[in-house]
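So you can see what is in the structure, the chains are spelled out below.
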Amino acid sequence: METKISHQKIAIRTFLKVLLMIAVIFTLNSWGSIKQSLSGNTPPLNYWLDHSFKLSNILLIAGFGAYFYYKDLTDQKALIEQQKQIEK
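Now for a quick tour of the structure. This is a predicted model, so every value here is computed, not measured. (Residues numbered from 1 in each chain as written. Predicted model: local features only at pLDDT ≥ 70, side-chain atom pairs only at ≥ 80, totals over all residues. Heavy atoms only, no water.)

Notes on the overall build of the protein chain
- Along the backbone of the protein chain there are 4 helices and 0 strands.
- The N-to-C order of helical and strand elements in the protein chain reads α-α-α-α.
- Rg of the C-alpha trace for the protein chain: 20 Å, well past the compact-globule value of 12 Å for 88 residues, more than 25% over.
- Expressed as a percentage of the 88 residues in the protein chain, the buried residues total 22%.
- Of all intrachain contacts in the protein chain linking residues separated by at least 6 positions in sequence, the fraction that spans at least 24 positions is 74%.
- Distance from the positive charge centre (10 side chains) to the negative charge centre (6 side chains) of the protein chain: 4 Å. (Helix = DSSP H or I, 4+ residues; strand = E, 2+ residues; numbered from the N terminus. Rg over C-alpha atoms; globule rule 2.2 N^0.38 Å. Buried < 20%, exposed > 50% of the residue type's maximum accessible area, 1.4 Å probe, protein only. Contact = heavy atoms within 4.5 Å. Lys, Arg positive; Asp, Glu negative; His and termini not counted. Charge placed at Lys NZ, Arg CZ, Asp CG, Glu CD.)

Remarks on the nonpolar core
- Counting residues in each nonpolar core, the largest one holds 5 residues, listed as Val 18, Met 21, Ile 25, Ile 61 and Phe 68.
- Listing elements by their share of this core, those giving two or more residues are helix 1 (7–29) and helix 4 (55–87).
- The leading source of residues in this core is helix 1, at 3 residues.
- Excluding its chain neighbours within four sequence positions, the residues that come into contact with Ile 25 are Ser 52, Asn 57, Leu 60 and Ile 61. (Core = buried A, V, L, I, M, F, W, Y, C linked by side-chain atoms within 4.5 Å.)

Section: the pattern of salt bridges
- Overall, the coordinates contain 3 salt bridges when judged by the stated rule.
- The partner of Lys 17 in a salt bridge is Asp 72, and the shortest N-O contact between them spans 3.3 Å. Taken together, the residues span a long stretch of sequence, with Lys 17 in helix 1 and Asp 72 in helix 4 at a distance of 55 residues.
- Across the pair Lys 71 and Asp 75 runs a salt bridge whose closest N-O atoms are separated by 3.2 Å. Taken together, the residues span about one helical turn, with Lys 71 and Asp 75 both in helix 4 at a distance of 4 residues.
- Overall, the relative accessible area of 36% leaves Lys 71 in the partly exposed class. (Salt bridge = Lys/Arg side-chain N within 4 Å of Asp/Glu carboxyl O.)

Some points on the packing of aromatic side chains
- Across all of its chains, the model carries 2 aromatic pairs by this definition.
- An angle of 55 degrees between the planes, with centres 6.0 Å apart, marks the rings of Tyr 67 and Phe 68 as tilted.
- Among the aromatic residues, ring-to-ring pairing joins Phe 64, Tyr 67 and Phe 68 into one connected group. (Phe/Tyr/Trp six-rings, centres within 6.5 Å; stacked < 30°, edge-to-face > 60°.)

Details of the environment of Tyr 67
- Looking at the element boundaries, Tyr 67 is found in helix 4.
- A C-alpha to C-alpha distance of 21 Å links Tyr 67 and Glu 81, two positions 14 residues apart in sequence.

Functional significance is not addressed by these values, which are geometric in nature.
Here is the structure:
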């Protein structure tokens, strides 16, 4: 039985992880603005975006996205190899 790597599933998992990471980074970087908005003093949207999506954050997100994809790919390859060893 030949098992193939599902690149589509890996890409979807990676995308969901990156979306979660974007939400966490946006929340952490905008926490001061979020606290202000809860008290009724809402800063403009461009202020929030300027503080959250810096080049360093974008590079961090891209780097972790690549890492998540690579990690899922190698895990799936190892699982396929393990299944081949069991079948023998």
